[in-house]
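A look at the structure
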Amino acid sequence: EITWVTGVQTCALPFWLNYMYEAAQCGYEVSALERVEKFKEAKESDIERYRRLGSNGNNTSSGSGGEAPLNAFKTVTEQGVDEILHMKMLESMVDTDYPSTMVLATGDAAVAEYSSGFLRNVERALERGWKVELVAWKRSMSYAYRDKAFAKKWAGQFTIVELDDFQEELLRSEEHTSELQSP
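Analysis parameters
- Residues numbered from 1 in each chain as written.
- Predicted model: local features only at pLDDT ≥ 70, side-chain atom pairs only at ≥ 80, totals over all residues.
- Heavy atoms only, no water.
- Helix = DSSP H or I, 4+ residues; strand = E, 2+ residues; numbered from the N terminus.
- Buried < 20%, exposed > 50% of the residue type's maximum accessible area, 1.4 Å probe, protein only.
- Contact = heavy atoms within 4.5 Å.
- Salt bridge = Lys/Arg side-chain N within 4 Å of Asp/Glu carboxyl O.
- Axes fitted to C-alpha atoms, helices over the stretch in contact; angles between N-to-C directions.
- Parallel < 35°, antiparallel > 145°, perpendicular 65-115°, else oblique.
- Nonpolar A, V, L, I, M, F, W, Y, C, P; charged D, E, K, R; others polar.
- Core = buried A, V, L, I, M, F, W, Y, C linked by side-chain atoms within 4.5 Å.
- Phe/Tyr/Trp six-rings, centres within 6.5 Å; stacked < 30°, edge-to-face > 60°.
- Pairing = 2+ DSSP bridges.

Concerning the overall build of the protein
- Of regular secondary structure, the protein possesses 6 helices and 9 strands.
- For the protein, the proportion of its 183 residues judged to be buried stands at 30%.
- Counting contacts in the protein only where the partners sit at least 6 residues apart, residues at least 24 apart contribute 67% of the total.

Quick look at the structure:
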């Protein structure tokens, strides 16, 4: 399975999704990242579920040169996707002479595996005089972005755009778009 990210330069796959092709035609950097195998520590509920299914939940072969913890299971997941976007946010801040408006399409505020996360990078942009527009679905947006102290501190600089308000238009336009486009 492939995770698609706008933010990096190349796509070595034999096909692109329409929006990737259009983004590349508009001069945006486009990237396709492959999912990676990782070991994830099992929670107590996971271990109990595996026991009920007849498995002991122990997994000791890693396929990556190391032994997995006894309470871990192998999963295939994205790696570095958020971090690439965090880096692109930081590059925009560093490579631009004067702060402008940054539009971020995510509701994620959690710390990432290899970086401090979107919320911290939004704060960095705001601290440097940038305006930030956060675009996300209401139900998938972290409450951290709605925090009263955060909203008060960054009033006039930070705006939330809820995709829910545009749901009909987004779904209608998708009806007329095919899924795959050959480059």
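Considering the pattern of salt bridges
- Overall, the coordinates contain 7 salt bridges when judged by the stated rule.
- Where Arg120 meets Glu123, a salt bridge forms, and the shortest distance between an N and an O atom there is 3.6 Å. One end of the pair, Arg120, and the other, Glu123, are both in helix H4 (residues 117-127), 3 residues apart, so they sit about a helical turn from each other.
- Of the residues examined, Arg120 reaches a relative accessible area of 28% and is grouped as partly exposed.

Here's the deal with the packing of helix H3 (residues 81-95) against H4
- Two elements in contact, H3 and H4, have axes whose closest approach is 10 Å; the angle formed by their N-to-C orientations is 5°. Considering the angle they form, H3 stands roughly parallel to H4. Residues Asp82, Leu85, His86, Met89, Leu90 and Met93 of H3 lie in contact with H4, whose contacting residues are Gly117, Phe118, Asn121, Val122, Arg124 and Ala125.
- Of the residues contributing to the contact of H3 with H4, the split by class is 7 nonpolar, 3 polar and 2 charged.

Details of the nonpolar core
- In terms of nonpolar packing, the biggest core is built from 19 residues, with Val122, Tyr145, Phe150 and Phe158 touching the most fellow members.
- At the level of elements, H3, strand S6 (101-104), H4 and strand S7 (131-136) are the ones that each hand at least two residues to this core.
- When residues no more than four places from it in sequence are discounted, the contact partners of Tyr145 are Gly107, Asp108, Ala109, Phe118, Leu119, Val122, Leu134, Phe150, Phe158 and Ile160.

Thoughts on the packing of aromatic side chains
- Taken as a whole and assessed by the stated rule, the structure comprises 3 aromatic pairs.
- Measuring from ring centre to ring centre gives 6.4 Å for Tyr145 and Phe150, while their planes differ by 75°; the resulting arrangement is edge-to-face.
- With a relative accessible area of 1%, Tyr145 lands in the buried category.
- Centre to centre, the rings of Tyr145 and Phe158 are 6.0 Å apart; their planes meet at 20°, and the pair counts as stacked. Of this pair, Tyr145 sits in the loop between S7 and helix H5 (148-153) while Phe158 sits in strand S8 (residues 158-162), and the two are 13 residues apart along the sequence.
- Judged by relative accessible area, which is 13%, Phe158 ranks as buried.
- Taken together, the aromatic side chains of Tyr145, Phe150 and Phe158 make up a single cluster linked through ring pairs.

Looking at the sheet that holds S7
- One open sheet holds the 3 strands; their spatial order is S6-S7-S8, and the pairing between them is parallel. Each edge of the sheet is formed by a strand with only one pairing partner; in this case those strands are S6 and S8. The average angle at which neighbouring strand axes cross in this sheet is 20°, direction not considered.
- Bridge analysis of S6 against S7 gives 4 bridges, and the strand direction is parallel.

A closer look at the side chain of His86
- Within the fold, His86 resides in helix H3.
- Owing to a relative accessible area of 2%, His86 belongs among the buried residues under this scheme.

A short note on the side chain of Lys38
- With respect to the helices and strands, the residue Lys38 is situated in strand S4 (residues 36-41).
- If sequence neighbours within four positions are ignored, Lys38 has contacts with Phe73, Lys74, Thr75, Thr77, Glu78, Gln79 and Glu113.

Looking at H4
- Among the residues of H4, those classed as buried are Gly117, Phe118, Leu119, Asn121, Val122, Ala125 and Leu126.
- The inward-facing, buried residues of H4 abut H3, S6, S7, H5 and S8.
- Two residues or fewer past H4, Gly129 is found with a positive phi of approximately 90°.

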